[in-house]
Structure formats: structure tokens, C-alpha cells
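# Results of the structural survey
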Amino acid sequence: MMTEDKMIEEVEKKSYSKNELDKLTAEFMNFQETTNKLVQAYNILQKKFEEVNMKLSEKNKALEKSLIEIDSMKNYTESILLSISSGVVAIDLEGEITTFNKAAEIILGLSSEDIIGKKYKDTINYHNEINLEKVIRTQESIFYHEIEITNSQNEELTIEYSASPVFDSENN
């Protein structure tokens, strides 16, 4: 890249016509103008990049805070479920067991590790109708129904259950 001083030196060594010098001067000015525009565009781009980076950093901090809050609420809910003396079994819309607390383990003689993610119909040995499909279909709660089950120790038990649909914040 030739500096302005070197260009002047080269120009002084050679003899150029006025027209050639005017053209060379115009091209040099055009080059400088284009370079200045590129520098300005780069500076604007760099500033926007820094702004986006800062916003992204803020969003990451907010997300991290939300994840900590969610984890805290999850731990709190799990703690409550562990301390309840009644068996709590949550089943999703496909009939898969999603929650199985310690009391349910004791009552049914089944391990939550072995049963979570499996269909309740395939894992809980019940003898009469469970109205869970009705709860799912009508989205209405049922209270204090009795069913006969056989636990893992082959003991016949009559248990009372209630079932209620649980909705998220969007009513799903």
C-alpha cells in the first residue's frame, strides 16, 4: 500500500500531464472516501454487535435465574411429595406415570425408578375400573373412589383414590 508521501515522491520523479494528475487526485480522493465509509460501516457493525452481545448476556442471566427458580420449585415440590403420607401417582395424557412418591412405593410395593415412564395399566395391578380415562376425557375430578389392587407382595388391598386433571399456566 502506497502512502501519500510515497505517491508525491513518485509523482515528482515522473512528469505527468495536468489531466493525469487530476485523474490520479480524483482516484485517490475516491479511495479515501470509500475507505472512510468502510471504516464507518465497520464501527457501526461493531457497535451493533456489542449491543446484541450485551442483550444476549442479559437474556442468559435472566434464563439462568429462571432455571434456578424452576429447580428450586421442583425441589420444593419433590420435598412435599416425599413428606406426604398418602400415595401420589401422577399420570400424563398418554397414561404414563410421571410422578410416584415414597408413600405410593410403600403402598404398592413398587419402586419409582422402575415405574416412572411406564403405562399405569401395565404396572399397577388393579381389579376393577379406574376412572382415569373419564378424568382425562371430561377434565373433571373424581373423589373418594375405591379400587381393589394387588401389591407386589401379592397382598389384596382396597384403596381409596381421587383423581384430578392438572393444567399448566396455558390451561393445557
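Sequence order as written defines residue numbering, which begins from 1 separately in each chain. Only residues with pLDDT of at least 70 are given local features in this predicted model, and only at 80 or more are side-chain atom pairs given and counted; all residues enter the totals for whole chains, interfaces and linings. Remark: hydrogens and water are excluded; side-chain values derive from all non-hydrogen atoms of the structure.

## Considerations on unusual backbone geometry
Here the phi dihedral of glutamine 139 falls at roughly 55°; this positive angle occurs in a residue that is not glycine. A helix here means a DSSP run of H or I that spans at least four residues, while a strand means a run of E at least two residues long, and both kinds are numbered starting from the N terminus. Relative to the helices and strands, glutamine 139 resides in the loop between helix H6 (132–138) and strand S4 (142–150). Here's how the labels work: a residue is buried when its accessible area is under 20% of the maximum for its type, exposed when over 50%, partly exposed in between, all with a 1.4 Å probe on protein chains only. Since its relative accessible area comes to 48%, glutamine 139 is described here as partly exposed. In this model, tyrosine 144 sits at a positive phi of 55°, which is unusual for a non-glycine residue. Position of tyrosine 144 relative to the elements: it lies in strand S4. Take tyrosine 144: its relative accessible area is 62%, and that puts it in the exposed class.

## Examining the pairing of S4
Pairing of strand S3 (residues 125–126) with S4, which is carried by two bridges, proceeds in the antiparallel orientation. Considered in S4, the bridge of tyrosine 126 is made with isoleucine 149. In this analysis, strands are considered paired if DSSP registers two or more bridges between them. Summarising the sheet, S4 and strand S5 (residues 156–163) pair through seven bridges and their orientation is antiparallel. Bridging across to S5, glutamate 146 finds its partner in glutamate 160. The loop that links S4 with its antiparallel partner S5 comprises five residues; one of these, asparagine 154, has a positive phi angle of about 60°.

## Quick notes on the pattern of salt bridges
Oppositely charged side chains can form a pair if their charged atoms are brought close together. Between Lys or Arg on one side and Asp or Glu on the other, a salt bridge is scored when a side-chain nitrogen of the former is within 4 Å of a carboxyl oxygen of the latter. For the structure shown, the criterion picks out four salt bridges. Its salt-bridge partner being aspartate 22, residue lysine 18 comes within 3.4 Å of it at the nearest N-O pair. In this pair, lysine 18 and aspartate 22 both sit in helix H2 (residues 18–83), four residues apart, roughly one turn of the helix. Taking relative accessible area as the criterion, aspartate 22 reaches 41% and is therefore assigned partly exposed. Residue glutamate 78 pairs with lysine 74 through a salt bridge whose shortest N-O separation is 3.8 Å.

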